[in-house]
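Here is what each chain is made of, one letter per residue.
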Amino acid sequence: MQDNATEVTAAGIARLAGVGRAAVSNWRRRHADFPKPVGGTETSPSFALAEVEAWLRKQGKLAEVPLRERVWQQLVGHPEGPVAALTHAGCVLLLIHDRPTVWLEVSAGSDERLAAMLPGALEEVLTPRFGPVSAVNSRRAVNSRRPGITPPAVNSPHPGTTPRPVNTAHAGADGVNTPAGGTPGVHAGRVNTSAADPAVNTHPAIHLPTGPDLLPSTPLLRGTAELAAELGARQTFEFLLGRHLDANPRQYTLTPADLAGLMADLAGPARTVLDPACGTGALLRAVDARPDQELYAQDSAPELAALTALRLALNTRAVVRGATGDTLRADAYPQLHADAVLCHPPFNERNWGHDELAYDPRWEYGFPARTESELAWVQHALARLKDGGTAVLLMPPAAASRRSGRRIRADLLRRGALRAVVALPVGAAPPYNIPLHLWVLRRPEKAPAQPEVLLADTGQFAADGRGGPDWRDVGEAVLDAWRAFDRAGTLDERPGLARSLPVIDLLDDDVDLAPARHLPPPTAAEGTGALTAVRENLGATLRLTADLTPPPAEAAHPVPRWPLTTIGELARGGALVLRTGGNGGHARVPVLTDHDVLAGTAPSGSLPESDEEAVLVEPGDVVVPVLGGGSMARVIDDATGGAALGRNLVLLRPERTALDPWFLAGFLRGTANNRQASSYASTATRLDVRRLQLPRLPLDEQRRYGARFRALDEFERALRRAGRLGEQLVRGMYDGLTDGTVAPD
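Fair warning: this is a prediction, and the values are worked out from it, not measured in the lab.

## Some words on the overall build of the protein
Then, number 1: Summing up its helical and strand segments, the protein has 22 helices and 25 strands in all.
Then, number 2: The burial tally for the protein puts 52% of its 745 residues in the buried class.
Then, number 3: Across the protein, every contact between residues at least 6 apart in sequence was considered, and the portion connecting residues at least 24 apart equals 74%.
Then, number 4: Carbon and sulfur atoms provide 51% of the accessible area of the protein, an area that totals close to 33,400 Å².

Printed below as a string of structure tokens:
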């Protein structure tokens, strides 16, 4: 009964059987006994997992089911949703991690026995880790179908704290921080009712699940335990959590692990660390935690607070204190004085509590404007630090220069609270198209006499495409500059990278703290040296283009009358395989876009996670864009192999004994060929690849043409590179002449 409650899509069935989705569609048409849909939609039906497994086993198609895939399908098809399933799995993994023999005892016997005995066993583990926990039946929770997670508070005494849906546009440290107005603080740390306990008026974020709650999860829990025997408890939880985050990229905005590590390093060693917008705990997980440390987390999304607490408990022996609630409106730790605060707050949040928090004592540096929610988070972080403690926040670049925040920025500078602003490279974290900033703050023990502030810009370490910056270089540059500045209170200029400025120099009408506006240009020697290198590289490329220039055409000769065939005929005959780009795939696989094909660049796109299986390109494939009306085809090389095929692209995989890839790509680029295969929509030209024509030639003759087409491709690439180098040289000369690093003569 419990197995039947778990549903699986056609894509999940394909993964279970190790086949493509087309095979599943064929089974549904050809086999009358194939399981009937039990849910989903007409275009995307879902099936009972137990029925599907039984049918596949009967057909001999389930001989080698990957354990990871079976557990994942049980989790994603859980009747209470994947988050509830992941919470139950996390609790059991913590039991296996801390008391493996207890799990062996309670898991022996039927599912009913397991569900009845498990709450008592979990209480023995959850209480020492998180304090006393109470049981709650999720089916009675208000507006909640997530067992094991605190339901939203009702009749909250705090004004404006009625529960609202999660706003997925704004990110917590590793996920979504709900907008201001969430539930009051819920505490999942060790409960201490003494006056010294920093958590007050809170409730546990993780409730002890009841037997009825756990009964539908028993097949999943047994599979999770089996997987933990292979991978380990913490690795199993990280795998399931990572898979869930990848499957919901629009719901969660993640903080990259490298960025989280950099922020933790900037904060330095700390015994107590707080993340007031914790998401799924990326920042606290990056802390080099020790058993004597205390990690505090709060998030307004109950599921994220629960997952963070479990994640930290599995990864460290430090004391873990988790809380659910809107941090600004219902702070769970009003008495906390932490050594460090790490925070990736929501950006551009207007409804953060401006109206009801006007007289809040946290606004030591000024009352933030409605449009300055980030400065409210900055002051909250400072209020939760002990004297001399350090806070590191990820901030949007606008927070450094908006006029509405200049008075607060000025006071932060004057009183020595803001110590550094670091501009990250484009692509460091979502949103990837802007260079986010790191603010390093310190709660001043006393106002410095002549304070300075460190400004750094790491934009030079940005990478091409969406591969992310060179984090090793970013980390070395930022930490070296920060540690030198932190020791001496000042830093000698590092042209183009970092400098410290007296605060008085920044206290003008704008108080603009954007590092790029204050950093000196590179020295003349560095500037002219770099331009010389570009010029030499351009000269070598131009010589290469001259060497690759095609020779003059020979005397005209009669146009050959080749017998022709079409791509469609070749596909039907098995001479090539034709695939089209999809709309989904694995979020971590780079995607080759139509722009990449046209520009000859590396894969730079991304696709949302979906049940649709991604098409991966291989060396020797030919990729053709179908929109735009141009004639282009690209042969995939070793560097591009393994990328996913993006939208509006068609992949042709030739059978090497019948077709040469360069011969195929070359003839597909013919203008006349593209013209006769194109059709016209209302606003765009679309290419019907199946109608493109090729001459029927022996393989040796194909290779002769293919060698010529390959030489033309090398010439085209050299021309593109020469164009980019020329633009770089011209831009550098303009910059050098205008900033004085290059003399006119």
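Further notes follow.
## Observations regarding the sheet that holds strand β22 (residues 649-654)
The strands that make up a sheet are held in pairs by hydrogen bonds between backbone atoms, and each pair lies either parallel or antiparallel.
Then, number 1: Within the open sheet, the four strands sit side by side as β17-β22-β19-β20. Their pairing is antiparallel. Single-partner strands in this sheet number two, and they are β17 (576-580) and β20 (634-635).
Then, number 2: Against the sheet, helix α20 (residues 661-668) makes contact with β19 (622-625), β20 and β22, and its axis sits at roughly 15° relative to β19, the strand it touches most.

## Observations concerning the nonpolar core
What tends to happen in soluble globular proteins is that the nonpolar side chains get buried as a cluster.
Then, number 1: Trp103, Leu118 and Leu438 are the most contacted members of the largest nonpolar core, which totals 93 residues.
Then, number 2: With residues up to four places along the chain from it excluded, the contact list for leucine 438 reads Leu259, Leu262, Met263, Leu266, Val392, Leu393, Leu394, Ala420, Val421, Val422 and Leu424.
Then, number 3: Within the second largest apolar cluster, 43 residues are counted, among which are Tyr365, Ala376, Leu418 and Leu455.

## Some remarks on the packing of aromatic side chains
Then, number 1: Inspection of the entire model under this criterion finds 13 aromatic pairs.
Then, number 2: Relative to tryptophan 363, the ring of tryptophan 352 lies with its centre 6.0 Å away and its plane at 90°, an arrangement referred to as edge-to-face. Pair noted here: tryptophan 352 is in the loop between β10 (338-343) and α14 (373-383) and tryptophan 363 is in the loop between β10 and α14, with a separation of 11 residues, a long-range link.
Then, number 3: Judged by its relative accessible area of 1%, tryptophan 352 is buried.
Then, number 4: Through a chain of ring-to-ring contacts, three or more aromatic side chains come together here, namely Trp562, Phe663, Phe667, Tyr705 and Phe709.
Then, number 5: Of note, arginine 68 hangs over the ring of phenylalanine 239, and the distance from its end group to the ring centre comes to 5.0 Å.

## Topic: helix α13 (residues 302-315)
Then, number 1: With 14 residues, α13 extends 20 Å between its outermost C-alpha atoms, agreeing within 8% with the 20 Å of an ideal straight helix rising 1.5 Å per residue.
Then, number 2: With 13 of its 14 residues buried, α13 lies for the most part within the structure.

## Some points on the pairing of strand β7 (residues 272-275)
Then, number 1: Burial of the side chains of β7 extends over both faces: Thr272 and Leu274 are buried on one face and Val273 and Asp275 on the other.
Then, number 2: When β7 meets strand β8 (residues 294-299), the two strands line up parallel, connected through four bridges. Paired with valine 273 across the strands is leucine 295, a residue of β8.
Then, number 3: In this sheet, β10 lies alongside β7 in parallel orientation, the contact comprising two bridges. Opposite leucine 274, over in β10, you have valine 341 as the bridge partner.

## Looking at the pattern of salt bridges
Then, number 1: Scanning all chains against the criterion turns up 35 salt bridges.
Then, number 2: For glutamate 69, the salt bridge goes to arginine 243, with nearest N and O atoms at 3.2 Å. Of this pair, glutamate 69 sits in helix α4 (residues 67-76) while arginine 243 sits in helix α10 (residues 233-247), placing them 174 residues apart in sequence. Neither residue differs from the other here; glutamate 69 and arginine 243 are each classed as buried.
Then, number 3: When salt bridges that share partners are traced, they join Glu364, Asp387, Asp411, Arg415 and Arg443 into one network.

## Side note on the sheet that holds strand β1 (residues 7-9)
Then, number 1: On the basis of which strands lie adjacent, the open sheet formed by three strands has the order β1-β3-β2 and antiparallel pairing. The open sheet has two edge strands with one neighbour each: β1 and β2 (39-40).
Then, number 2: Inspection of the sheet shows β1 paired to strand β3 (residues 45-48) by three bridges, in the antiparallel sense. Bridge assignment links valine 8 to a residue of β3, and that residue is phenylalanine 47.
Then, number 3: Docked against the sheet, helix α3 (residues 49-58) engages β1 and β3, running at close to 75° with respect to β3.

## A few points about the packing of α10 against α13
Then, number 1: Contact geometry for α10 and α13: axes closest at 9 Å, N-to-C directions at 150°. As judged from the angle between their axes, α10 and α13 are roughly antiparallel. For the crossing formed where α10 meets α13, the hand is left-handed. For the pair α10 and α13, the contacting residues are Ala233, Arg234, Phe237, Glu238 and Leu241 in the first and Leu307, Leu310, Arg311, Leu314 and Asn315 in the second.
Then, number 2: A breakdown of the residues in the contact of α10 with α13 according to their chemical character gives six nonpolar, one polar and three charged.

Each value, and the rule that gives it
- Residue numbering note: each chain is counted from 1, following its sequence as written.
- Local features in this predicted model are restricted to residues of pLDDT 70 or higher, and side-chain atom pairs are both shown and tallied only at a pLDDT of 80 or more, whereas totals for entire chains, interfaces and linings draw on every residue.
- Hydrogens and waters are ignored; side-chain quantities use all the structure's heavy atoms.
- Under the scheme used here, helices are H or I runs from DSSP no shorter than 4 residues and strands are E runs no shorter than 2 residues, and both carry numbers assigned from the N terminus.
- Classification of residues uses two cut-offs on accessible area relative to the type maximum, computed with a 1.4 Å probe and protein chains only: under 20% is buried, over 50% is exposed, and between them is partly exposed.
- Residues count as neighbours in contact if any of their non-hydrogen atoms are within 4.5 Å of one another.
- Residue exposure ignores everything except the shown protein chains as possible cover, and the areas themselves are Shrake-Rupley values with a 1.4 Å probe.
- We treat two strands as partners when DSSP finds at least two bridges between them.
- In this analysis an axis means a line fitted to C-alpha atoms, helices contributing only their contacting stretch, and an angle means the value between N-to-C directions, from 0 to 180 degrees.
- Residues belong to one nonpolar core when they are buried, are Ala, Val, Leu, Ile, Met, Phe, Trp, Tyr or Cys, and are joined through side-chain atoms within 4.5 Å.
- For Phe, Tyr and Trp, rings pair up if their centres lie within 6.5 Å, where Trp contributes its six-membered ring, and each pair is then called stacked (planes under 30 degrees apart), edge-to-face (over 60) or tilted (otherwise).
- Lysine NZ or arginine CZ positioned within 6 Å of the ring centre and within 35 degrees of the ring normal marks a charge as sitting over the ring.
- Under the convention used throughout, the expected extent of a helix is 1.5 Å for every residue step, that is, one less than its residue count.
- When a carboxyl oxygen of Asp or Glu lies within 4 Å of a side-chain nitrogen of Lys or Arg, that pair is called a salt bridge.
- Throughout this description, any angle smaller than 35 degrees is read as roughly parallel, any larger than 145 degrees as roughly antiparallel, any in the 65 to 115 degree range as roughly perpendicular, and the remainder as oblique.
- Here a crossing is taken to be left-handed if its near helix is turned anticlockwise relative to the far helix by less than a right angle, and right-handed if that turn runs clockwise.
- Three classes are used, and their members are as follows: Ala, Val, Leu, Ile, Met, Phe, Trp, Tyr, Cys and Pro are nonpolar, Asp, Glu, Lys and Arg are charged, and the others, Gly among them, are polar.

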